[in-house]
Amino acid sequence: MSGEVIQSLILILAALVLFASFVQISRERLLPAIHAFAWQGALVAVVTGLIAATGHVPGLYFSAALTFLLKALLIPWLLHRLVRHLKLARHREPLGHPILTVVLAVALVIFSYWLVLPIVAHSLSSTRNILAISLAVVLLGLLMMVVRSQAVAQVLGFMSMENGLFLAAVSATQGMPLVVELGVAFDVMVAAVLFGVFFLELGEGGELHNVDRLNRLDETRDGDL
Amino acid sequence: MNALSNGFWPVVLTVYTPLLGIFVLALIGRAQRAGWVNVGCAGVSFAASIWLAWAYTVHGDIVAAGLRIDALNISLVVLNALVGLSTALFSRTYMLEMLSTRLSGARGVHGLRLYNSLFQAFLFTMLLALTTANLGVLWVAVEGCTLSTVLLVSLYRTPEALEAAWKYFMLCGVGIALALFGTVLVYFAAQHVLPNPAQGLNWSVLYTHRKQFEPTVMIIAFVFVLVGYGTKVGLVPMHQWLPDAHSEGPTPVSALLSGLLLNVALYAVLRIKLLVDGALAGTPSAHLAGHLLIGFGLVSLLVGALFLHRSRDIKRLFSYSSIGHMGMITFGFGLGGPLATFAALLYMIVHSLTKSAVFITVGHATHIAGTQTIDHIRGLIRTQPKVGWTLLIAVVALAGFPPFGLFTSEFLLLGATMHRAPLLAIVLLPGMAITFAGLFRHVQRMVYGPVPAGQTPVRANLWPVYVQMALVLWLGLTIPTLLAHWLGQATALVAGAPLP
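Quick caveat: nothing in here was measured; it's all calculated off a predicted structure.

Student: An account of the overall build of chain B is requested, with residue identities and associated values reported.
Tutor: Along the backbone of chain B there are 20 helices and 2 strands. The C-alpha atoms of chain B give a radius of gyration of 22 Å, which matches the 23 Å a tight globule of 500 residues would have. In terms of its C-alpha atoms, chain B occupies a principal-axis envelope of roughly 70 × 55 × 40 Å. Within chain B, the proportion of its 500 residues that are buried is 66%. Look at the contacts in chain B between residues 6 or more apart in sequence, and 80% of them connect residues 24 or more apart. Counting every atom, chain B has about 15,800 Å² of accessible surface; 69% of that belongs to carbon and sulfur. With 26 positive and 13 negative side-chain charges, chain B shows a spacing of 7 Å between the two charge centroids.

Student: Before we move on, could you go through the environment of Leu156 of chain A and cite the residues and values that matter?
Tutor: Residue and element names in this part refer to chain A. Checked against the element boundaries, Leu156 lands in helix H6 (residues 151–173). Sequence separation of Leu156 and Ala105 is 51 residues, and the distance between their C-alpha atoms is 16 Å. In contact with Leu156, not counting residues within four places along its chain, are Gln24, Ala33, Ile34, Phe37, Leu79 and Met144.

Student: Lay out the side chain of Ser91 of chain B in plain terms, naming residues and giving numbers.
Tutor: All names here are of chain B. With respect to the helices and strands, Ser91 occurs in helix H4 (residues 71–100). Here Ser91 falls in the buried class, since its relative accessible area comes to 2%. Ignoring any residue separated from it by four or fewer positions in sequence, one finds Ser91 in contact with Asn38, Leu96, Tyr115, Phe119 and Pro252.

Student: Quick one: what's the story with the interface of chain A and chain B, residue by residue and with numbers?
Tutor: In this assembly, 50 residues from chain A lie in contact with 57 residues from chain B. Of the roughly 4,800 Å² buried between chain A and chain B, counting both surfaces, carbon and sulfur atoms make up 72%. Where chain A touches chain B, the interface holds 0 salt bridges. Inspection of the chain A/chain B interface yields 0 residue pairs in polar contact (both at pLDDT 80 or more). Taken together, the elements giving at least two residues each to the side of chain A that touches chain B come down to helix H5 (125–147), H6 and helix H7 (178–205) of chain A.

Student: I'd love a proper account of a nonpolar patch on the surface, names of residues and values included.
Tutor: Among the surface-exposed residues, Phe68, Leu69, Leu73, Leu74, Trp77, Phe186 and Met189 of chain A lie close enough to one another that they form a single nonpolar patch of about 680 Å² accessible area. Within the secondary structure, Met189 of chain A sits in helix H7.

Student: Kindly report on helix H3 (residues 58–85) of chain A, identifying the contributing residues and their values.
Tutor: An α-helical turn contains 3.6 residues, so a residue and the one three or four places further along point in the same direction. All names here are of chain A. The first and last C-alpha atoms of H3 sit 40 Å apart over 28 residues, in line with the 40 Å expected at 1.5 Å per residue. Where H3 bends most, the angle comes to about 30°, and this point is Leu70. Along H3, the positions that sit buried rather than exposed are Leu60, Ser63, Ala64, Thr67, Leu70, Lys71, Ala72, Ile75, Pro76, Leu79, Leu82 and Val83. Following H3 by one or two positions, Lys87 has its phi on the positive side, about 55°.

Student: Got a sec to walk through the environment of Leu18 of chain A? Specific residues and values, please.
Tutor: All names here are of chain A. Structurally, the position occupied by Leu18 is in helix H1 (residues 3–26). Taking C-alpha positions, Leu18 is 9.8 Å from Leu135, a pair spaced 117 residues apart along the chain. Residue contacts for Leu18: discarding those within four places in its chain leaves Val109, Ile133, Ala136, Val137 and Leu140.

Student: How would you explain the pattern of salt bridges if you had to name every residue and give the values?
Tutor: Taken as a whole and judged by the stated rule, the model has 10 salt bridges over all chains. The residue Arg92 of chain A makes a salt bridge to Glu28 of chain A at a minimum N-O spacing of 2.8 Å. With Arg92 of chain A in the loop between H3 and helix H4 (98–116) and Glu28 of chain A in the loop between H1 and helix H2 (30–55), the pair connects residues that are 64 residues apart, well separated along the chain. Overall, Arg92 of chain A belongs to the partly exposed group, its relative accessible area being 46%. Look at the salt bridges and you will find they share partners, linking Asp61, Arg68, Asp70 and Arg271 of chain B into a network.

Student: Go over the nonpolar core, please, and point to the residues and values.
Tutor: Proteins that are soluble and globular tend to have nonpolar side chains buried together. In terms of nonpolar packing, the biggest core is built from 275 residues, with Met159 and Phe195 of chain A together with Trp166, Tyr229, Phe318 and Phe333 of chain B touching the most fellow members. The leading source of residues in this core is helix H7 (residues 159–191) of chain B, at 22 residues.

Criteria and thresholds
Residues numbered from 1 in each chain as written. Chains lettered and ligands numbered in written order. Predicted model: local features only at pLDDT ≥ 70, side-chain atom pairs only at ≥ 80, totals over all residues. Heavy atoms only, no water. Helix = DSSP H or I, 4+ residues; strand = E, 2+ residues; numbered from the N terminus. Rg over C-alpha atoms; globule rule 2.2 N^0.38 Å. Buried < 20%, exposed > 50% of the residue type's maximum accessible area, 1.4 Å probe, protein only. Contact = heavy atoms within 4.5 Å. Areas by Shrake-Rupley, 256 points an atom, 1.4 Å probe, with all protein chains shown as cover. Lys, Arg positive; Asp, Glu negative; His and termini not counted. Charge placed at Lys NZ, Arg CZ, Asp CG, Glu CD. Buried area = accessible area lost by both parts, 1.4 Å probe. Salt bridge = Lys/Arg side-chain N within 4 Å of Asp/Glu carboxyl O. Polar contact = N/O pair within 3.5 Å; in protein donor to acceptor, adjacent residues only side chain to side chain. Patch = residues over 30% accessible without salt bridge, like charges linked within 9 Å, V, L, I, M, F, W, Y side chains within 5 Å. Expected span 1.5 Å × (residues − 1). Bend = angle between axes of the 7 residues up to and from the residue. Core = buried A, V, L, I, M, F, W, Y, C linked by side-chain atoms within 4.5 Å.

Now the structure itself:
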C-alpha cells in the first residue's frame, strides 16, 4: 500500500475510535457499552500498529500489542465478569437528556478541533485530525462521567479517556518513551483492579447504580467515629 | 566507577528503600513487627536523604539511575523523608490502637498489612515524583500516589470512607488524565526542537531548549497540566475530594496527604511552569502562567478560609486550612520574582512540617474524645495537658503567629505582594485574617473548657511532633545557612535571579 492510502486508513480508523465514544455514551445497557469500549481499544491498537509501520518505529509494535491486550481484552473481560457477577446485565439506565447530551458531545468535538488548530499549524493535516480526535475522545470520556450516574459506566468513561490520551501520544509524537508507556499501562491496570474492588464494595451498599447518592460527606455532618 | 561515587547510593537508597518496603511489609502479618519494619524503612530512607544532602552539598547536582537532584528538589526530598519517618513513628502506635477499635476482626489484620504496605508505596511514589528526571515518569509517579492512597482512604470500609475514596479516585483520576495530555503536548513541542527527540521528556534537556518551544503549544499544555496536577494540589474548584479524603482516611494518611502530597503536586506544576515561562518569554503573554497561578491561588485562599468556619469535623477544618495555605503558596509562585519565590519555597517546607504535626496531634485528640466532631471535643488541656497544649501551640504556628516559620514566610510573601502588586494585598489580607479567626474560634473551645464526663488520657507519643515544631520554631527565628543556600539556588532557578 502506498503512504497516502495508509494515511487515509489511519484517519478512518481514528474516526471510528471517536464513533465508539459516541456509542458508549448513548448505550442504555452496560454490556453493549463495554463492547464498544473493547472495539475502541482494538481500533486504537490497529492505528498504533499502522503508525509503527509507516513511521518505521519498531517500539510502537510493542505498544500496539500492549494496548490490544490491555484495552481490548483484559479490561473489557474484567468489566464483563463484574457486570455478570453483580447481575447488572439487564440493568438499563436511560440518559436524562439524550438530545442535549449528543449536542454537547458534538460541541466538544468542534471545540477540540478549534483548540488543536493553532497547535499543529505547521504539521501534517492528518496529525492535526488525529490529535483533535484524541482530545475529543478525552473530553467525551469526561462528558460520559458527568452524564452517567452508574458506577460501571463512569469507569468506562474514565478508561476511554485513557484511550484518547494514548491515541494523542501515538499520533502527535509517535509514542512516548518505553519506560513511560510501561508505567502508564501499569497504572491503568492497577486502576482497573481497584475499580473492581470498589464495585464489589459499592454493590454491597446498593450505590452502584447511582453514584450521585454518594453525598453523605459535607459540612453539615457530624464526625462521630 | 567514578559516576557511581557521586551520590549514586544515597539517591538510590532514599528513593528505593520504600519500594523494597512495599514488598517486605506485604509479607509481614504480625502487627507489632510490621509497625517497626515500617518505621525502619522510613528511617533508612531518611538517613539516606541526609547522606544525599551531604553529597549534594559537596558535588552539586546529582544525576543517577534516572533520578535527578537539583536545587529545587533537594530540600523537598529531605523534608519528605523526615515527615515520612515521623508519621511512620506515629502510625505504629496509632494503628495498633485502631486494630482494637475501628479495624477489629479478621479483616483488621489484613487491613493493617495492606495499610503498612501502601504506606511505603505512598512514600515511594512521592519520592519518585520529586526526584525523577523524566516528566513522563513524574506523571506515572503522581498517578501512583493516587492509586496507593485510594485504598488507604477507604481502609475503614465505612460507607463514608468508601464515598470519600470513590470521589478521590474519580476526581484525581480525571485530573491526572488531563495532566498527561499536557505532558504529551510538551513532548510534542519538544519533538520539533530537540536534536534527539527521544529525550523529549527529560526535564534538564527540555530546560536547556525551553526558549525555542512553540509558545501556543506550551500555553495549552500548561492549562492542562495546571488543571490536572492542580486537582491534586487542592486548588479550588477542583478541591472537592480533599476534605472528604482527609476526614475519612486514617489520621497518619491525612498527615501525609496534607503535609507532603499537596507539595509534590505543586512541585510538578512548578517544573512545567519553568519550561512554559522560558517558551513564553518575550511574547505578549509572557506572564500568563504566573497570572493563572495567582488567580487559582487567591480563590483557593478565600474558599479555604470561608469553609473553615463552617466545618464541624476537626479533620475537615484542617484540610480546608491546607487548601488555603496551598492557595497562598501557589499565589507566591504566580507572583514570581526572587522574594515571593523564596517565600513560597520556605512556605512549602514550614507548612508541611506544621500541618503534619497538627494532624498527628489531632489523631491523639480524636482518640481522647472518641469523635471528630468539633462540638464534642472539649477540655483537652485538662484531660491531657501534653496533647492540649501541643495542639494549641501547633495551631498558633499554623495561623502564622511569630516566632514560628509560617510567620516568616507569610510576612515575606506579603512584603513581596505589597512591593509588586499592592492591589492583590486587598484580597490576601482578609483571606489570612478570616483563616486566622476561623482556626482560633474552633480550637480554643476544644482545648479549654470543662472536661466531658468519662474522658481519660490516652497513650500518646508526641516526640515526632516536638521535633517538627522545634524545626518550625528554628526556621522562624533564623534560617540555617545551608537551607538558605539551597533555597537561594532554587529561587535562582525558578525566578531567574537569586535573592539579593
